[in-house]
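Below are the chains, spelled out letter by letter.
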Amino acid sequence: IRERQKSRWGEDVLHGTEISDHVRQFIFEHIDSVEQITILLFLRDNPSQSFNADALTRELRSSPVSVTTRCEGLVRSGLVGMSTTGDYSYTATPH
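Since the model is a prediction, treat every value here as computed from it, not as a measurement.

Caption draft 1: View of helix α3 (residues 53–60). Listed as buried for α3 are Ala53, Ala55, Leu56 and Thr57. Here the buried face of α3 lies against α2 (34–45), α4 (64–77) and β4 (88–90). You can read the cap of α3 off the contacts: a side-chain oxygen lies 3.1 Å from the backbone nitrogen of Asp54, and it is on Asn52. Looking one or two places after α3, you find Arg61, whose phi comes out positive at around 55°.

Caption draft 2: Representation of the packing of α2 against α3. It is at 11 Å that the axes of α2 and α3 come closest, and there the two elements cross at 105°. Considering their axes alone, α2 and α3 lie roughly perpendicular with respect to each other. When α2 is examined against α3, the residues Thr38, Ile39, Phe42 and Leu43 are found in contact with a partner set consisting of Leu56, Glu59 and Leu60. The residue inventory of the contact of α2 with α3, partitioned by class, reads five nonpolar, one polar and one charged.

Caption draft 3: A look at a nonpolar patch on the surface. A cluster of nonpolar side chains, contributed by Ile19, Val23 and Ile27, occupies part of the molecular surface with about 200 Å² of accessible area. Mapped onto the fold, Ile27 is located in helix α1 (residues 21–30). The partly exposed category is assigned to Ile27, whose relative accessible area is 37%.

Caption draft 4: Just the nonpolar core, in detail. Grouped together as the largest cluster of nonpolar side chains are 15 residues, with contacts concentrated most on Ile39, Leu43, Leu56, Leu74 and Tyr88. Elements represented by at least two residues in this core include exactly α2, α3 and α4. The element that contributes the greatest number of residues to this core is α2, accounting for four residues. Ignoring any residue separated from it by four or fewer positions in sequence, one finds Leu74 in contact with His30, Ile31, Gln36, Ile39, Leu40, Leu79 and Val80.

Caption draft 5: Focus on the packing of α3 against α4. Orientation of α3 relative to α4, taken along the N-to-C sense of each, is 110°, at an axis distance of 9 Å. With respect to α4, the element α3 is oriented roughly perpendicular. Between α3 and α4 lies a crossing whose hand is right-handed. Only Pro64, Val67, Thr68 and Cys71 of α4 make contact with α3, whose side of the interface consists of Ala53, Leu56 and Thr57. Residues belonging to the contact of α3 with α4 are distributed by class as follows: five nonpolar, two polar and no charged.

Caption draft 6: Region of the structure containing the side chain of Thr57. Along the chain, Thr57 falls in helix α3. On the basis of relative accessibility, which here comes to 11%, the residue Thr57 falls in the buried class. A polar contact of 2.7 Å, which involves the side chain of Thr57, links it to the backbone oxygen of Ala53. The contacts of Thr57, once residues within four sequence positions are left out, are Ser62, Ser63, Pro64 and Val67.

How each quantity is defined
- Residues numbered from 1 in each chain as written.
- Predicted model: local features only at pLDDT ≥ 70, side-chain atom pairs only at ≥ 80, totals over all residues.
- Heavy atoms only, no water.
- Buried < 20%, exposed > 50% of the residue type's maximum accessible area, 1.4 Å probe, protein only.
- Helix = DSSP H or I, 4+ residues; strand = E, 2+ residues; numbered from the N terminus.
- Contact = heavy atoms within 4.5 Å.
- Polar contact = N/O pair within 3.5 Å; in protein donor to acceptor, adjacent residues only side chain to side chain.
- Axes fitted to C-alpha atoms, helices over the stretch in contact; angles between N-to-C directions.
- Parallel < 35°, antiparallel > 145°, perpendicular 65-115°, else oblique.
- Nonpolar A, V, L, I, M, F, W, Y, C, P; charged D, E, K, R; others polar.
- Patch = residues over 30% accessible without salt bridge, like charges linked within 9 Å, V, L, I, M, F, W, Y side chains within 5 Å.
- Areas by Shrake-Rupley, 256 points an atom, 1.4 Å probe, with all protein chains shown as cover.
- Salt bridge = Lys/Arg side-chain N within 4 Å of Asp/Glu carboxyl O.
- Core = buried A, V, L, I, M, F, W, Y, C linked by side-chain atoms within 4.5 Å.
- Left-handed = near helix turned anticlockwise from the far one by under 90°.

The following block contains the structure:
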């Protein structure tokens, strides 16, 4: 059973275990793994900084190959930007 309420911004908020259709679609279109969402959330929480793959690997305790692969997917989706020096940052403009 879905219980809907309005957020303080007037948006529908779901309570319980169901995920809204637009969130489900976003995940389906842009997210391939838990590690990828972890990277995205980490970058979002540090919007004034950029990180190279080695720094993200240390922060998230993962492997460099895995972090690079996940970041490349986020860059292709337009959620993460990559500088000319190879640093990643949050952009939040999905394609």
